[in-house]
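Below, each chain spelled out in residue letters.
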Amino acid sequence: MQLTIKQLYQTMYTTMGPQGWWPADSKWEIILGAILVQNTNWRNVVPALTNLKAATAFAPAKIHALNANQLEPLIHSSGFYHNKSKAIAAVFNWLATFDYDLITIKQARGDRLRHDLLQLRGIGAETADVFLVYIFDVPTFIADNYARRLFTQLGWPSNNYQQLYRQVQLPADFTPAQAQEFHGLIDEFGKSYLQTATAWKQSFLADAHLIPIEKATQ
């Protein structure tokens, strides 16, 4: 079964249904979750988000007002809390310069937005792309670990995040909502079918192959 990127998305969406990613009540909660989940699993993030919600109600100005001594105990469960507190501070300092107006940031920075995000302390490529997709509604491919595993199985191997990110071009008509769903579908698929070779062979994509890059981009 030969698939384009769009056909892969459509097959996954039809089979698995909407995933509703990112699970959060606000974009401020998504920002925090995306930073806190770095180098840990989501179970360790949940208590930290619970603490932050109790302390700030996820109001951006209240998050920004927390100093390190206040913030670090709240996010302790997520690990690397010293570095993560600095990353949160850096992101919310940056947001504050735009008065936390996400639409203004997107309009003002345009194609420079990803570059700007990557300049912030503690924000690497994956987190920057999560921000683009879920915070700024920019259709972007998130080449995370599950995506690299899946695309390797489908015939597009990669050695690292940047290599797969450069290889994958989302369809020109992909909407922000589809980009959000695609990431959620890939990660939920990964949890079910990319943990073992046996699980992959039992998946609905086991006989699928992505159209070679040079053909897919013609």
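Bear in mind that the values here come from a model prediction, so they are computed numbers and not experimental data.

A.B. asks: Whenever I open this one, the pattern of salt bridges confuses me. Can you help?
C.D. replies: Charged atoms that come close allow side chains of opposite charge to pair. Using the criterion set out here, one finds 6 salt bridges in the structure. The partner of Lys6 in a salt bridge is Asp173, and the shortest N-O contact between them spans 2.6 Å. One end of the pair, Lys6, is in helix α1 (residues 5–16); the other, Asp173, is in the loop between α11 (161–167) and α12 (176–193), and 167 residues separate them in sequence. Classification of Asp173 as partly exposed rests on a relative accessible area of 47%. With a closest N to O distance of 2.7 Å, Asp129 and Arg114 form a salt bridge. With Asp129 in helix α9 (residues 125–135) and Arg114 in helix α8 (residues 113–118), this residue pair connects regions lying 15 residues apart in the sequence.

A.B. asks: I would appreciate a short explanation of the packing of helix α10 (residues 145–153) against α12 in the present structure.
C.D. replies: A packed helix pair is summarised by two numbers, namely the angle formed by the two axes and the spacing between the axes. α12 packs onto α10 with a crossing angle of 75° between their chain directions and a minimal axis gap of 9 Å. Between α10 and α12, the angle is such that the two are roughly perpendicular. Residue-level contacts link Tyr146, Ala147, Leu150 and Phe151 of α10 to Phe182, Ile186, Asp187, Phe189, Gly190 and Lys191 of α12. Looking at the contact of α10 with α12, its residues break down into 7 nonpolar, 1 polar and 2 charged.

A.B. asks: So what exactly am I meant to see when it comes to the nonpolar core here?
C.D. replies: Phe92, Leu95, Phe141, Leu150, Phe151 and Phe182 are the most contacted members of the largest nonpolar core, which totals 70 residues. Examining the composition of this core, we find that 8 residues originate from one element, α9, more than from any other. Discounting chain neighbours no more than four positions away, the residues touching Phe151 are Ile5, Leu8, Phe141, Trp156, Pro157, Leu164, Val168, Phe182, Ile186 and Leu210.

A.B. asks: Explanation requested: the packing of aromatic side chains in the structure shown.
C.D. replies: To describe a pair of aromatic rings, you give the distance between the ring centres and the angle between the ring planes. The final tally for this structure, using the stated rule, is 19 aromatic pairs. Judged by centre distance (6.1 Å) and plane angle (70°), the ring pair of Trp21 and Trp22 falls under edge-to-face. Seen in terms of ring centroids, Tyr193 and Phe204 are 6.1 Å apart; in terms of plane orientation they differ by 90°. Their pairing is edge-to-face. Placement of Tyr193 in helix α12 and of Phe204 in the loop between α13 (197–201) and β2 (209–210) is noted, with a sequence separation of 11 residues between them. With relative accessibility at 26%, the residue Tyr193 sits in the partly exposed group. By relative accessible area, Phe204 is classed as partly exposed at 24%.

A.B. asks: Just checking my understanding: could you explain the side chain of Glu29 for this structure?
C.D. replies: Mapping Glu29 onto the fold places it in helix α2 (residues 27–36). An unpaired buried charge is present at Glu29: no salt bridge exists, and Lys53, the closest side chain of opposite charge, is 6.1 Å distant. Of the polar contacts made by the side chain of Glu29, one reaches the backbone nitrogen of Asp25; its length is 2.9 Å. Those residues within four positions of Glu29 in sequence are excluded, and the remaining contacts are Ala24, Leu49 and Phe58.

Definitions and limits used
Residues numbered from 1 in each chain as written. Predicted model: local features only at pLDDT ≥ 70, side-chain atom pairs only at ≥ 80, totals over all residues. Heavy atoms only, no water. Salt bridge = Lys/Arg side-chain N within 4 Å of Asp/Glu carboxyl O. Helix = DSSP H or I, 4+ residues; strand = E, 2+ residues; numbered from the N terminus. Buried < 20%, exposed > 50% of the residue type's maximum accessible area, 1.4 Å probe, protein only. Axes fitted to C-alpha atoms, helices over the stretch in contact; angles between N-to-C directions. Parallel < 35°, antiparallel > 145°, perpendicular 65-115°, else oblique. Contact = heavy atoms within 4.5 Å. Nonpolar A, V, L, I, M, F, W, Y, C, P; charged D, E, K, R; others polar. Core = buried A, V, L, I, M, F, W, Y, C linked by side-chain atoms within 4.5 Å. Phe/Tyr/Trp six-rings, centres within 6.5 Å; stacked < 30°, edge-to-face > 60°. Lys, Arg positive; Asp, Glu negative; His and termini not counted. Polar contact = N/O pair within 3.5 Å; in protein donor to acceptor, adjacent residues only side chain to side chain.

None of this, on its own, says anything about what the molecule does.
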